[in-house]
Amino acid sequence: MMIRNQPISIVVVDDEKYICNIIVEALASEKYEVRAFSDPREALNYIEQNSVDLVLTDLVMGEYTGIQVLESTLASHSDATVILMTAHPTVQTAISVLRKGAYDFLVKPFRLELLKATIRRGLEHQQVIRENLHLKGQVEFLKVAGAANAEIEIDDFLGMVARSCRKEMDAAAVGIIEIEPSTKEVLRKVYTGTDELPPKEVLQNSTLDKFAYTKSNKPLIHKKEVEVDGRKQTQTWISQPIFVRRRFHGVINLLIESRFDRLTPGEIDVLAILANSAAAAIANYRHYEDLHASYLQAIKGLANAVEARDQYTAGHTDRVTRLAEQMARHLGWDERRIEHLNMGCTLHDIGKLGVPDDILNKPGHLTDEERTMMQSHPELGLKIIDGIDLFRPAIPYIIAHHEWYDGTGYPKGLKGEEIPIEGRLLAVADTFDAILSDRPYRDGADLSVAVSELVKFKGTQFDPEIVDVLFDLLRAGKIDFVLHYGREMDTSQIEELKPTEKARV
Ligand SMILES: [Fe+2]
């Protein structure tokens, strides 16, 4: 496992051999690995095939020029430092080579101290450039960390971490495997890479085993020489563990393909930063989920409190939620939307907590004043959840489930598609269940009553397409009446109902 503790590699190119020798000798006391070439062609070949940090080249060398050496060095090693030497300087040449990316320009003959100082400065400058990578990693980290605080799905977040790793490390493939630390069960795998299909090693479960007996945050690095199109190439496989409070939560696997065996300490730092942010995201996500679960539990408690007060709604919320979920799935809603639906349906009548008992449970007709009070429950519900970001997705369910399709509902009198689809869907499920449910003063009605009510109010109270969705489910025998209402129901009449138009998402 080598993390670039190889010495700094310097190449000297000068067609006058004695100059090569003087420079090699002058640099002998420094901790550099110096290779000198009096044949520029050999030098170009070497530079193309090997890892190089600094090149010192003569400007005029027979048929070759230092510009060629400069250009081909920068083509193979974008952060290499190139210093030109010439005995016949002109301002134009100096400007031109510096523009082409040379770091400096030395006029022969030069004092060896000046040469050493220039090399030292050049390498320091290079260090700064390489450290910039580190800073870039920090920026990436901030971006990633910022996203960790936002409401972002863990899969998306880990995808972001994988993409950042790939970009920062210039990797061909990055795979992240997240596990449940107590059971070691794999929770998710995320991949990003040049090929559509991941090289199997980056998502292999066996990469987790490498960290079975360690708490060390250090990456494991394994290198392999391969040949691609007749050229030597180094494949570097890195496995970076993810620890959350010293518990092993998974691994980031990277494949880096490069012509030169190079991995800078800066890059290893970037990887560690990204692994830490992945760890932070996982920790945050777990907290978020715990928080989410406890909030939902608290709210379920409140919803139960509503049902306990409202004598004829026992079990209503649960049944409506199940039914609405079936309808939403029939419409092809994704899991995130379904999750929001569950929350919204559970909370939809939460505002009834603010309606006095005697109005809520009054068997007969309500006075105008009482009705106004009763009809304020969507807005009261909104006030109850106000300020809890987590419950924001429940808003359309709470506020819009008593709107009518023809615009005569409450609280806002919205019409048609102005009413959020969440509200339109819940309105159908809510009414359907209310008709079928037993109440203290009467048994639940038959399915035929519920169906005719929906047919009657299709287009006035209800969105016709949503009603058709429910009829589709009934026709397909998907509603479990025995489970929900404790009785069989005759669905034969549904067969005769023709859908008005095709339901849409
Ligand atoms: Fe309601």
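Note that this is a predicted model, so its numbers are computed, not measured. (Residues numbered from 1 in each chain as written. Predicted model: local features only at pLDDT ≥ 70, side-chain atom pairs only at ≥ 80, totals over all residues.)

**Remarks on the overall build of the protein**
Now for step 1: Of regular secondary structure, the protein possesses 19 helices and 12 strands.
Now for step 2: For the protein, whose C-alpha radius of gyration is 36 Å, the value lies well above the compact-globule estimate of 23 Å for 505 residues.
Now for step 3: The principal-axis extents of the C-alpha atoms in the protein amount to approximately 110 × 50 × 45 Å.
Now for step 4: For the protein, the residues scored as buried account for 34% of the 505 residues in total. (Helix = DSSP H or I, 4+ residues; strand = E, 2+ residues; numbered from the N terminus. Rg over C-alpha atoms; globule rule 2.2 N^0.38 Å. Buried ≥ 20, exposed ≤ 12 C-beta atoms within 10 Å, placed from the backbone.)

**Here we look at the environment of glycine 344**
Now for step 1: Considering the arrangement of structural elements, one finds glycine 344 in helix α10 (residues 335-347).
Now for step 2: Owing to 27 C-beta atoms within 10 Å, glycine 344 belongs among the buried residues under this scheme.
Now for step 3: Beyond its immediate sequence surroundings of up to four residues, glycine 344 is in contact with Pro393, Ala394, Pro396, Tyr397, Ile398 and Glu422. (Contact = placed C-beta atoms within 7 Å.)

**Side note on the domain arrangement of the protein**
Now for step 1: Partitioning the protein into domains gives domain 1 (8-110), domain 2 (153-281) and domain 3 (310-496).
Now for step 2: Domain 1 and domain 2 are separated by 37 Å when their C-alpha centres are compared. (Domains from an automatic or database assignment.)

**Considering the sheet that holds strand β12 (residues 247-258)**
Now for step 1: Pairing is antiparallel across the open sheet formed by 5 strands, whose spatial order is β9-β8-β12-β11-β10. At either end of the open sheet lies a strand with only one pairing partner, and these are β9 (186-193) and β10 (220-228). Ignoring strand direction, the axes of neighbouring strands in this sheet form an average angle of 15°.
Now for step 2: Here strand β8 (residues 173-179) runs beside β9; their pairing, made up of 7 bridges, is antiparallel. The residue bridging glycine 175 from the neighbouring strand is tyrosine 191, located in β9.
Now for step 3: Helix α6 (residues 154-169) contacts β8, β9 and β12 of the sheet and is inclined by roughly 40° relative to β9. (Pairing = 2+ DSSP bridges. Axes fitted to C-alpha atoms, helices over the stretch in contact; angles between N-to-C directions.)

**Quick notes on the nonpolar core**
As a rule of thumb, soluble globular proteins bury nonpolar side chains together.
Now for step 1: Of all hydrophobic cores here, the largest spans 41 residues; its most connected members are Ala324, Leu347, Val428, Ala429 and Leu470.
Now for step 2: Listed by contribution, the elements that provide at least two residues to this core are α8 (265-309), α9 (316-330), α10, α14 (395-400), α15 (421-436), α16 (447-456) and α17 (464-475).
Now for step 3: In terms of residue count, the dominant contributor to this core is α15 (7 residues).
Now for step 4: Ignoring anything within four residues of it in the chain, the contact list for alanine 429 reads Val320, Leu323, Ala324 and Met327.
Now for step 5: Counting 34 residues, the second-largest nonpolar core is a separate cluster that includes Leu158, Ile176, Leu255 and Ile256. (Core = buried A, V, L, I, M, F, W, Y, C linked by C-beta atoms within 7 Å.)

**Topic: α6**
Now for step 1: The end-to-end C-alpha distance of α6, which contains 16 residues, comes to 22 Å, matching closely the 22 Å that a straight helix rising 1.5 Å per residue would cover.
Now for step 2: The set of residues buried in α6 consists of Ile154, Phe157, Leu158, Met160, Val161, Ala162, Ser164, Cys165, Arg166, Glu168 and Met169.
Now for step 3: Phi turns positive, to about 55°, at aspartate 170, one or two residues after α6. (Expected span 1.5 Å × (residues − 1).)

**Points about the pairing of strand β7 (residues 104-107)**
Side chains on a regular strand alternate between the two faces of the sheet.
Now for step 1: The pairing of strand β6 (residues 81-86) with β7 spans 4 bridges and is parallel. Its bridge partner being in β7, isoleucine 83 is matched across the sheet by aspartate 104.
Now for step 2: Handedness of the β6-helix α4 (residues 91-99)-β7 crossover: right-handed. (Right-handed = clockwise from strand over helix to strand, strands pointing away.)

**Observations concerning unusual backbone geometry**
Now for step 1: Here the bond from lysine 108 into proline 109 is cis, since omega is -5°, no more than 30 degrees from zero.
Now for step 2: With respect to the secondary-structure elements, proline 109 resides in the loop between β7 and α5 (112-149).
Now for step 3: A cis amide bond, omega 5°, links tyrosine 410 with the succeeding residue proline 411.
Now for step 4: Within the fold, proline 411 resides in the loop between α14 and α15.
Now for step 5: Non-glycine residue lysine 184 carries a positive phi angle of around 70°.
Now for step 6: Relative to the assigned elements, lysine 184 resides in the loop between β8 and β9.

**Quick word on α15**
Now for step 1: The end-to-end C-alpha separation of α15 is 23 Å, in line with the 22 Å expected for 16 residues at 1.5 Å each.
Now for step 2: Burial analysis of α15 places 13 of its 16 residues in the buried class, the great majority of the element.

**A look at the packing of helix α2 (residues 40-49) against helix α3 (residues 66-76)**
Now for step 1: For the pair α2 and α3, interaxial distance at closest approach is 9 Å and the crossing angle is 15°. Relative to α3, the element α2 lies roughly parallel. α2 and α3 meet at a crossing whose hand is right-handed. From α2, Pro40, Ala43, Leu44, Ile47 and Glu48 reach across to α3, where they touch Val69, Ser72, Thr73 and Ser76.
Now for step 2: Of the residues belonging to the contact of α2 with α3, the class tally is 5 nonpolar, 3 polar and 1 charged. (Parallel < 35°, antiparallel > 145°, perpendicular 65-115°, else oblique. Left-handed = near helix turned anticlockwise from the far one by under 90°. Nonpolar A, V, L, I, M, F, W, Y, C, P; charged D, E, K, R; others polar.)

**Quick word on the pairing of β8**
Now for step 1: Most of β8 is tucked away: 6 of the 7 residues are buried.
Now for step 2: The turn joining β8 and β9, which pair antiparallel and follow one another in sequence, is formed by 6 residues; a positive phi near 70° is taken by lysine 184.
Now for step 3: For β8 and β12, the ladder comprises 6 bridges, and the chain directions are antiparallel. Considered in β12, the bridge of glycine 175 is made with asparagine 253.

**Side note on the environment of aspartate 358**
Now for step 1: Take aspartate 358: it is sitting in helix α11 (residues 357-360).
Now for step 2: Aspartate 358 gets classed as exposed once you count the C-beta atoms within 10 Å, which come to 8.
Now for step 3: Along the primary structure aspartate 358 and arginine 309 are separated by 49 residues, whereas in three dimensions their C-alpha atoms are 9.8 Å apart.

**Thoughts on the sheet that holds β6**
Now for step 1: Taken in spatial order, the 5 strands line up as β2-β1-β3-β6-β7 in an open sheet, and their pairing is parallel. The open sheet has two free edges, formed respectively by β2 (32-37) and β7, since each of these has just one partner strand. The mean angle between the axes of side-by-side strands here comes to 20°, regardless of whether they run parallel or antiparallel.
Now for step 2: Bridge count between strand β1 (residues 8-13) and strand β3 (residues 54-58): 4 bridges; the pairing is parallel. Note that in β3 the partner of isoleucine 10 across the bridge is leucine 54.
Now for step 3: On the sheet, α3 packs against β1, β3 and β6 and is oriented at approximately 165° with respect to β3.

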